[in-house]
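# Chain and residue survey
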Amino acid sequence: MIEDQTRLLTVLFADLSGSVAATLDLDPEEAVEKVNQALEVMAAAVARHGGRIDRYLGDGVLAFFGVPQAHEDDPLRAIRAALDITAGAAERGFQATAGIDTGRVYVGQVGGAGHHERTAMGPVLNLASRFQSSAAPGEVVVGEATWRLARGAFEFEPRTLTIKGVPRPVPAYVALRPLARPRAARGLEGRRTALVGRADELARLVRALDRARAGEGGIATIVGEAGVGKSRLVEELRMRAAEPAPGGTEDLLWLEGRCLESTTSTSYAPFVDLLRETLAGGREDSPVDRGAAVADAVQALAEAGDMQAERAEEVTLLLGNLLSVADPAAEAALASAAPREIRARTFAAVRDYLTALSARRPLVVALEDLHWADSLSLELIDFLIEPVTEGSALLVCDQRPAQEHPSRDLPDLAARKAGARHVAIDLRPLDAEDVRRLLGALLGGGSLPENLLATILDKSEGNPLFLEEVLRSLIDSGRIERQNGGWQVKPGVAIDVPATVQSIVLTRIDRLDDEPRQVLQVASVIGRLFGTELLRAVAADADVERALWLLEQHDLVYLDRVLPEEQYSFEHVFTRDTVYDSLLKGRRAALHGDVARALEALWPGAGDERVEELAYHWERSDDPGRALEYSIRAGEKARRAFLNDAAVAAFSRALERLDVDGEPDPAARARRARVRESMADVLELVGRHDEAAQEYGRALDDRPPDEPVARARLLRKAGGVLRVQRRRDDSLRAYDRAEAELGEPPAEKSEAWWQERTAVELGRVMLDYFLSDTDELAQRLSGSRPLIEAHGTPLQRGRLFATLALLGFRRERYAPSDETVAVARRAWEAVNESDDLAERVDIQFCYGFALLWAGRYAEAEGRLTEVLTLAERIGDTTTRARCVAYLALLERRRGRVDAAREWAERAMAVAAEGGMLEYTAAAHAHLAWCDLRDGDLDAAEDHARESRALWEKLGGPYRLLAWIPAWPALGVAVARGRRADALDLARFLLDPERQPMPEGIAAELREGRLKAALERARATGYA
Ligand SMILES: Nc1ncnc2c1ncn2[C@@H]1O[C@H](COP(=O)(O)OP(=O)(O)OP(=O)(O)O)[C@@H](O)[C@H]1O
Ligand SMILES: [Mg+2]
């Protein structure tokens, strides 16, 4: 019995339609008899196709396909059974209807006290039942998921249904009849892409083909996991084979036979498939016709002299037998032969038939999916290797690497028997570049955001089928959508295991007994990669060695590495996900707890080292206390390493647990305040200012009044956020409140108090840099200096120098004196050893900035890029924006248009990320300058206008820097001959509020010689 789980299942409802009418004039006993007959038909059809009756429902049945053993072709089996039911019912004078759907279903115990039964539940069941009730008498109606998986095997007619309780029309399909030759339903509809990669493999196959054309036979074996592209490769070869032969030789003959999962125990299945396809030649496929076709074909070979006449009779007899032609004479002829003898004669007949076929023209025999071959077929292939390779035909075989199936020996056998005439192809996943190319082709123009692309590539692991399926399930579920040639993405896209892929995996899992399956479940909880030691510790009762051996045999896991610790890997992420998803929630949580405990027991002193791993498991366990503790620890660890996204994610998870209803106790509030503050620090660093401000505010709410220093710290940090957001009045108020919280200096010496006091002071100074005039700034600074020098940390002293340098910039109108540059340099040096990288980059930036204004471009470039690298490492958006914007200005000063443009574009992007108006404005100004230099006046004008409009909002020291957009604007006005505008701009630039410009240029402007001014500015590298 299989344990409770959720799994992929195909569900069939079949019912007698109008049975009431049919039984109306019968007496009750007769009616029951009739209904029983019908139910028997149903049960027999379900059993015949490997399904299981779950229950009888009046005069109908509910049947499952895919439990206890899943098959890749469960949807096909269900449809076959349903078609048999409707046909069988019709023969007995009834009408039956059927509905089928495929999807995830809960399988297990249901029921309340006293009454339990095993069944399945889920929306799929309801839908299938609705499909059944919507079917007209004799119809089989299937849902979309079933259709997708079966559309290569049946003829369907689409239909749209409205179903009560479902807001949108539901697509459905009426299954009409099986297609003569089923094909795998693969590829995105209408998106057959060109072959990517595989050049080498195809070339080797084509060489073998050319040799066959020249009369030299051979065998090719292609081995590769499901969906990696074996059939596709064979198909490509077939297309080459269909090209006209060089030198006008006979056209090549291509025969193809495939194995199906459902014919694994059918004797000679791929050969029967091959012969039927070849011999039917468009004729109706009844046994009698088949017999005639065999006789004709063999006769033709004999008449052409390619087969001896006396062999012809024997070959006709045995091929006919193989194809089950209903010929009483033939049956009589073979009746007395022993099975061994029939086998030997059949082998010989097939050999002679193929040899005769290849006598006049090149022949290729392709046999596909041999991992599902019956053992007779494999023996026959073995038997054929020698005659074929010694003759002129080429045998092409493909199969999955199924270790538990005899087909695994075929490549070795071929190597031994055919030697140099064997082409062995071990088909590996596509490399990353090919996968990207394939994905691009599948998307057919338009692209996806890089992170989604990366996830898709990651999940599909180079397997083209998985790639197609993942993409399709994203499209089907509406998470990506085609819109005017591009793709629109809904946020929060997670990638589930596509149904096709699930069924491939489930088929393997279901063949396991309980113990290895349970070990596999434990492993899935540990993760895609799992160490043997940990697995053993969790699955303590199981024979883990044996289980792993079996799991390897079934191609579910492989040994990934032995050192430093033995570790296994699931074959594919989807293998792991399928197993994991099938676990019920409660069991999953229990297992996560077991894994976490085992981790702690195995590596007791591991401390911080395994924090993420422990957090991962505890968070999914049923121990909320541990989960919280570890989320916080993981967040703090990530924050220290500047893994900002991971930190935000971990803190969010912790906060979700901390945000309980009702009033938490003081300890919980203090803890929540700490988490909020850490979270806010990270958010601020990455430029998510609004959220940061909000978290600081909430943290403040959690701090009681008797914690003035902590409250002041939160207010001061919020003030910093507001300052960066240019909400200067609010910022000022926050600093005032912080100061008020701190109140008078405490009686006993408190370092924390003084440091916070200093920090508030420094924050104020920074604000004054933007707000007040230089005298006020100087005054405040001289007032603060003793405080900072007495109580500041080294970092705070570094900040003091930086602020002094800022004062210098303001005073000297951004034409810094040597003294100011020296102060900025001291700021750099004071913090160069600090490991508070966030503070450090902020302070050190100002030295690069000083060097830039001092015209020391090479040095400035060096320092700014150094700061930028650091800022990138820690994800500091504000500092990144500053650096790239001023590097753009630097290149502008050097007259390098391309480099300036590159930095400006980056500045535009980063400024947008952090919502920083000033750098967006600067980026527009620099782009205006670049466009002007490149002669694109329209673009230059747009950028300049945009920039100047933003600039007006900036105020403060930015008034000094307003020439940055005004110069390119002047260039545009002059080039367009708009003299009045140009003169206005000249006056604007000459305003004493602006940063001073070189006297020569100013003189030209004053005299109204605007062209000359522009030329001079350009020649001297000023603008
Ligand atoms: N190199 C390739 N370039 C483009 N598309 C490919 C390539 N290889 C495979 N595909 C596509 O990926 C899908 C799966 O490939 P295919 O059916 O050949 O796999 P398979 O190895 O035969 O799988 P199975 O073992 O299930 O039969 C198909 O839609 C195929 O067209
Ligand atoms: Mg295939």
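First things first, this report covers the structure right here in the doc. (Residues numbered from 1 in each chain as written. Chains lettered and ligands numbered in written order. Predicted model: local features only at pLDDT ≥ 70, side-chain atom pairs only at ≥ 80, totals over all residues. Heavy atoms only, no water.)

### Here we look at the overall build of the protein chain
Using the following cut-off: Helix and strand definitions here come from DSSP, where helices need a minimum of 4 consecutive H or I residues and strands a minimum of 2 consecutive E residues; each element is numbered from the N-terminal end. Radius of gyration: over C-alpha atoms. The globule rule applied is 2.2 Å multiplied by the number of residues raised to the 0.38 power. We call a residue buried when its accessible area falls under 20% of the maximum for its residue type, exposed when it is over 50%, and partly exposed in between, using a 1.4 Å probe and counting protein chains only. In this description, contact between two residues means that some pair of their heavy atoms is separated by no more than 4.5 Å. Using a 1.4 Å probe, the Shrake-Rupley method yields the accessible areas, and only the shown protein chains count as cover for residues. Counted as positive: Lys and Arg. Counted as negative: Asp and Glu, with His and the chain ends omitted from the count. By convention, charge coordinates are those of NZ in Lys, CZ in Arg, CG in Asp, or CD in Glu.
Counting its regular elements, the protein chain contains 44 helices and 18 strands. Computed over the C-alpha atoms, the radius of gyration of the protein chain is 39 Å, more than 25% above the 31 Å expected from 2.2 N^0.38 for a compact globule of 1023 residues. Along the first, second and third principal axes, the C-alpha atoms of the protein chain reach 120 × 80 × 60 Å. Taking all 1023 residues of the protein chain together, 54% fall into the buried category. Put simply, of all contacts in the protein chain between residues at least 6 apart along the chain, 69% involve residues at least 24 apart. As presented, the protein chain carries roughly 45000 Å² of accessible surface, and 50% of it is formed by carbon and sulfur atoms. Put simply, the protein chain has 133 plus and 167 minus side-chain charges, and the middle of one group is 5 Å from the middle of the other.

### Side note on the pairing of strand S17 (residues 557-561)
We count it as follows: Two strands qualify as a pair provided DSSP detects at least 2 bridges between them.
Of the pairings in the sheet, the one linking S17 to strand S18 (residues 567-570) comprises 4 bridges and is antiparallel in character. By the bridge assignment for S18, Val-557 is matched with Phe-570.

### Details of helix H33 (residues 794-811)
To keep things clear, this is the line we draw: In this scheme, a helix's expected span is set at 1.5 Å multiplied by one less than its residue total.
For H33, which comprises 18 residues, the first-to-last C-alpha distance of 26 Å matches the rise-based estimate of 26 Å (1.5 Å per residue) to within 8%. The buried fraction of H33 is high, at 15 of 18 residues. Looking one or two residues past H33, Arg-813 carries a phi angle of roughly 50°, positive in sign.

### What to know about helix H29 (residues 708-724)
It helps to recall that an α-helix has 3.6 residues per turn; residues three or four apart then point in one direction. Along its 17 residues, H29 runs 24 Å from first to last C-alpha, staying within 8% of the 24 Å computed at 1.5 Å per residue. Extensive coverage of H29 is indicated by the burial of 14 of its 17 residues. Looking one or two places after H29, you find Arg-726, whose phi comes out positive at around 65°.

### So, the pattern of salt bridges
Condition: Salt bridges are identified by distance alone: a Lys or Arg side-chain nitrogen within 4 Å of an Asp or Glu carboxyl oxygen.
Within this structure, the stated rule accounts for 91 salt bridges. The salt bridge involving Arg-626 is made with Glu-629; its shortest N-O contact spans 4.0 Å. A residue pair is termed a helical-turn pair when its members lie 3 or 4 positions apart in one helix, as Arg-626 and Glu-629 do in helix H25 (residues 624-640) at 3 residues. Its relative accessible area of 26% is what places Arg-626 among the partly exposed residues. In this structure, the salt-bridge partner of Glu-695 is Arg-676, at a minimum N-O distance of 3.1 Å. With Glu-695 in helix H28 (residues 689-702) and Arg-676 in helix H27 (residues 666-685), the pair connects residues that are 19 residues apart, well separated along the chain. One exposure class covers both Glu-695 and Arg-676, and it is buried.

### Some thoughts on a negative patch on the surface
The cut-off we apply is this: What makes a patch is a set of residues exposed beyond 30% relative accessible area and free of salt bridges, joined within 9 Å when like-charged and within 5 Å when nonpolar (Val, Leu, Ile, Met, Phe, Trp, Tyr).
The grouping of Asp-27, Glu-29, Glu-30, Glu-33 and Glu-40 at the surface amounts to a negative patch. Position of Glu-29 among the secondary structure elements: in helix H2 (residues 28-48).

### Some thoughts on the pairing of strand S9 (residues 218-223)
Sheet faces and side chains relate simply in a regular strand, where the side chains alternate between the two faces. For S9, a buried count of 6 out of 6 residues is recorded, marking the element as mostly surrounded by other parts of the structure. Of the two faces of S9, the one holding Gly-218, Ala-220 and Ile-222 and the one holding Ile-219, Thr-221 and Val-223 are both buried throughout. Across 6 bridges, the pairing between S9 and strand S12 (residues 394-399) is parallel. Of the residues in S12, the one forming a bridge with Ile-219 is Leu-395.

### Details of a nonpolar patch on the surface
Nonpolar side chains collect at one region of the surface, where Leu-559, Val-562 and Leu-563 lie side by side and expose about 300 Å² of accessible area between them. Inspection of the secondary structure puts Leu-559 in strand S17. On the accessibility criterion, Leu-559 (37% relative accessible area) is partly exposed.

### Observations regarding the sheet that holds strand S13 (residues 422-426)
The criterion, for reference: Between N-to-C directions, angles cover 0 to 180 degrees, with each direction set by a line fitted to C-alpha atoms, over the stretch in contact for helices.
In spatial order, the strands read S10-S11-S12-S9-S13; together these 5 strands make up an open sheet with parallel pairing. Every interior strand has two partners, whereas the edge strands, strand S10 (253-258) and S13, have only one. On average, each strand axis in the sheet is tilted by 10° relative to the strand beside it, whichever way the strands run. Examined bridge by bridge, strand S11 (residues 363-368) and S12 share 4 bridges and lie parallel to one another. When the bridges of S12 are listed, Val-364 appears paired with Leu-394. Packing of helix H7 (residues 230-242) onto the sheet brings it into contact with S9, S10, S11, S12 and S13, and relative to S12 it is tilted by some 160°. Of the strands in this sheet, S9, S11 and S12 touch helix H13 (residues 375-390), which is tilted by about 135° from S9.

### Quick word on the packing of aromatic side chains
Note the cut-off: In summary, the pairing rule links any two rings of Phe, Tyr or Trp, Trp by its six-membered ring, whose centres are within 6.5 Å, and it sorts them by plane angle into stacked for under 30 degrees, edge-to-face for over 60 and tilted for everything else. When the NZ atom of lysine or the CZ atom of arginine is within 6 Å of a ring's centre and also within 35 degrees of its normal, the charge is said to sit over that ring.
Enumeration according to the criterion identifies 25 aromatic pairs in this entry. Measuring from ring centre to ring centre gives 6.2 Å for Phe-809 and Tyr-814, while their planes differ by 20°; the resulting arrangement is stacked. The pair Phe-809 / Tyr-814 is uniform in exposure class, with both members buried. Pairing Tyr-886 with Tyr-919 gives two aromatic rings, centres 6.5 Å apart and planes at 80°, and the pair type is edge-to-face. Here Tyr-919 lies in helix H39 (residues 917-933) and Tyr-886 lies in helix H37 (residues 877-894), a separation of 33 residues in the sequence. Both residues of the pair, Tyr-886 and Tyr-919, count as buried. Through a chain of ring-to-ring contacts, three or more aromatic side chains come together here, namely Phe-809, Tyr-814, Phe-845, Phe-849, Trp-853, Tyr-886 and Tyr-919. When the ring centre of Tyr-580 is taken as origin, the NZ or CZ atom of Arg-588, which lies over that ring, is 4.7 Å away. The ring centre of Tyr-769 lies 6.0 Å from the NZ or CZ of Arg-810, which sits over that ring.

### Some words on the packing of H25 against helix H26 (residues 644-658)
So the rule is basically this: Working rule for angles: under 35 degrees goes down as roughly parallel, over 145 as roughly antiparallel, 65 to 115 as roughly perpendicular, anything else as oblique. A clockwise turn of the near helix away from the far one marks a right-handed crossing, whereas an anticlockwise turn of less than a right angle marks a left-handed crossing. Three residue categories are used. Nonpolar comprises Ala, Val, Leu, Ile, Met, Phe, Trp, Tyr, Cys and Pro, charged comprises Asp, Glu, Lys and Arg, and polar comprises the others, including Gly.
The N-to-C vectors of H25 and H26 enclose an angle of 155°; their axes lie 8 Å apart at closest approach. In terms of orientation, H25 lies roughly antiparallel with respect to H26. Relative to H26, the crossing made by H25 is left-handed. Packed against H25, whose contacting residues are Pro-624, Ala-627, Leu-628, Ser-631, Ile-632, Ala-634, Gly-635, Glu-636, Ala-638 and Arg-639, the element H26 presents Ala-646, Ala-647, Ala-650, Phe-651, Arg-653, Ala-654, Arg-657 and Leu-658 at the interface. Counted by class, the contact of H25 with H26 contains 12 nonpolar, 2 polar and 4 charged residues.

### Digging into the sheet that holds strand S16 (residues 529-531)
Pairing is antiparallel in the open sheet, where 3 strands are placed in the order S16-S18-S17. A strand with exactly one partner marks an edge of an open sheet, and here the two such strands are S16 and S17. Pairs of neighbouring strands in the sheet enclose a mean axial angle of 35°, with direction left out of account.

### Some points on unusual backbone geometry
Cis geometry is adopted by the peptide bond preceding Pro-68, which originates at Val-67 and carries an omega value of 0°. Looking at the element boundaries, Pro-68 is found in the loop between strand S3 (60-65) and helix H3 (74-91). In this structure, the amide linkage connecting Leu-563 to the following residue, Pro-564, adopts the cis form with an omega of -5°. Among the structural elements, Pro-564 can be located in the loop between S17 and S18. Look at Tyr-268: it is not a glycine, yet its phi comes out positive at around 55°. By the element assignment, Tyr-268 lies in the loop between S10 and helix H8 (269-280). Residues other than glycine seldom take positive phi values, yet Asp-369 does so here, at roughly 60°. Within the secondary structure layout, Asp-369 lies in the loop between S11 and H13.

### Regarding the environment of Asp-296
The topology assignment puts Asp-296 in helix H9 (residues 287-303). Residue classification places Asp-296 among the partly exposed positions, given a relative accessible area of 44%.

### Some points on the state of the cysteines
Condition: When the sulfur atoms of two cysteines come within 2.5 Å, that pair is taken as a disulfide.
What the rule picks out here adds up to 0 disulfides. There is no disulfide at Cys-259, and the cysteine sulfur nearest it, in Cys-397, is 9.5 Å away. Residue classification places Cys-259 among the buried positions, given a relative accessible area of 1%. Not part of a disulfide, Cys-930 finds its nearest cysteine sulfur in Cys-883, a span of 18 Å. You can call Cys-930 buried: its relative accessible area is 0%.

### As for the nonpolar core
Which entries qualify depends on this criterion: Buried Ala, Val, Leu, Ile, Met, Phe, Trp, Tyr and Cys residues that are joined via side-chain atoms within 4.5 Å together make up what is termed a nonpolar core.
Tyr-886, Trp-951, Trp-963, Trp-967, Leu-970 and Leu-1005 are the most contacted members of the largest nonpolar core, which totals 96 residues. Other than its neighbours up to four places away in sequence, Trp-963 contacts Trp-853, Leu-889, Arg-892, Arg-893, Pro-968, Leu-989, Arg-994, Gln-995 and Tyr-1022. Within the second largest apolar cluster, 53 residues are counted, among which are Leu-279, Leu-319, Ala-349 and Ala-373.

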